[in-house]
Amino acid sequence: MMVQQDGTAKELPLRSLPATIGRGQECKLRIPLASVSRHHCELLEDDDELVVRDLKSSNGTYVNKERVARRELVPGDLLAVGPVVFVVRIDGHPKDIDAAAAYAAGSVAPPPGGPPSAIDGVPTWAGQQAGGGGGGGGGTGGAQPAPKPDRKDDELSQIDSLLDELGESDFDLDLDDKPKR
């Protein structure tokens, strides 16, 4: 189930595994955001366990706010892919989910319009470590570089659009289709 900060949620049932998550056209679950790698991670079955495996993504795959390379998923785990948070539901468990609380507990993205996350060791979307001072002095004669556009607001609007699209259609991952090339 995909959860949002505002408390909205969308059930995304998987019919078969493996399933790749990323921004690439061929991914089973496509998240078209710049902070999501083309092939970000995959969900697979290994010895009757649901497993997530990071596919060397730029910003990492997180389970319960811990960056993982590979990890078994259990009901209630919070999977963060870029700024999108999923609650792992297996056979209908957990039954009741507070979407806003789950998003807050699983999100590793910086807060909207605010400074980067202060969680130690969690990279911000600029690839820097949160809480770390990014080193300073530069011999540019005191000139300041032009500020970069704030991508957080753009990504939030993209997520809202993605949720709107999912809400308009009865979205269900069709994992039986072959990827189009």
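### Some words on the nonpolar core
Thinking step 1. Core analysis: the largest hydrophobic core is formed by 18 residues, its most contacted members being Ile-21, Ile-31, Val-52, Leu-79, Val-81 and Phe-86.
Thinking step 2. Only strand E5 (41-46), strand E10 (78-81) and strand E11 (84-87) provide two or more residues apiece to this core.
Thinking step 3. In this structure, Tyr-62, Val-87, Ala-99 and Tyr-103 belong to the second largest nonpolar core, which totals 11 residues.

### Let's talk about the confidence of the model for the protein
Thinking step 1. Averaged over the protein, the pLDDT score is 74; the fraction of residues at 70 or greater is 60%.
Thinking step 2. A low-confidence stretch, residues 167-181 (pLDDT under 50), is modelled with 22 contacts involving residues beyond four sequence positions or located in other chains.

### Description of the sheet that holds E5
Thinking step 1. Across the sheet, 5 strands lie side by side as E4-E3-E5-E6-E9; this open sheet has mixed pairing. Since the sheet does not close on itself, it has two edges, and those belong to strand E4 (29-30) and strand E9 (70-73), each with one partner.

### Things to note about the sheet that holds E10
Thinking step 1. Strand order in the open sheet formed by 6 strands is E2-E1-E11-E10-E7-E8, and the pairing between neighbours is antiparallel. Edge positions in the sheet fall to strand E2 (9-10) and strand E8 (66-68), since each of these pairs with one other strand and no more.
Thinking step 2. Here 4 bridges tie E10 to E11, and the two strands are oriented antiparallel to one another. Across the sheet, Ala-80 pairs through a bridge with Val-85, a residue of E11.

### Let's talk about the environment of Tyr-62
Thinking step 1. Looking at the element boundaries, Tyr-62 is found in strand E7 (residues 61-63).
Thinking step 2. Under the relative-accessibility criterion, Tyr-62 is labelled buried at 2%.
Thinking step 3. Between the C-alpha atom of Tyr-62 and that of Gly-82, which follows or precedes it by 20 residues, the distance is 8.8 Å.

Parameters at a glance
- Residues numbered from 1 in each chain as written.
- Predicted model: local features only at pLDDT ≥ 70, side-chain atom pairs only at ≥ 80, totals over all residues.
- Heavy atoms only, no water.
- Core = buried A, V, L, I, M, F, W, Y, C linked by side-chain atoms within 4.5 Å.
- Buried < 20%, exposed > 50% of the residue type's maximum accessible area, 1.4 Å probe, protein only.
- Helix = DSSP H or I, 4+ residues; strand = E, 2+ residues; numbered from the N terminus.
- pLDDT = per-residue confidence, 0-100.
- Contact = heavy atoms within 4.5 Å.
- Pairing = 2+ DSSP bridges.

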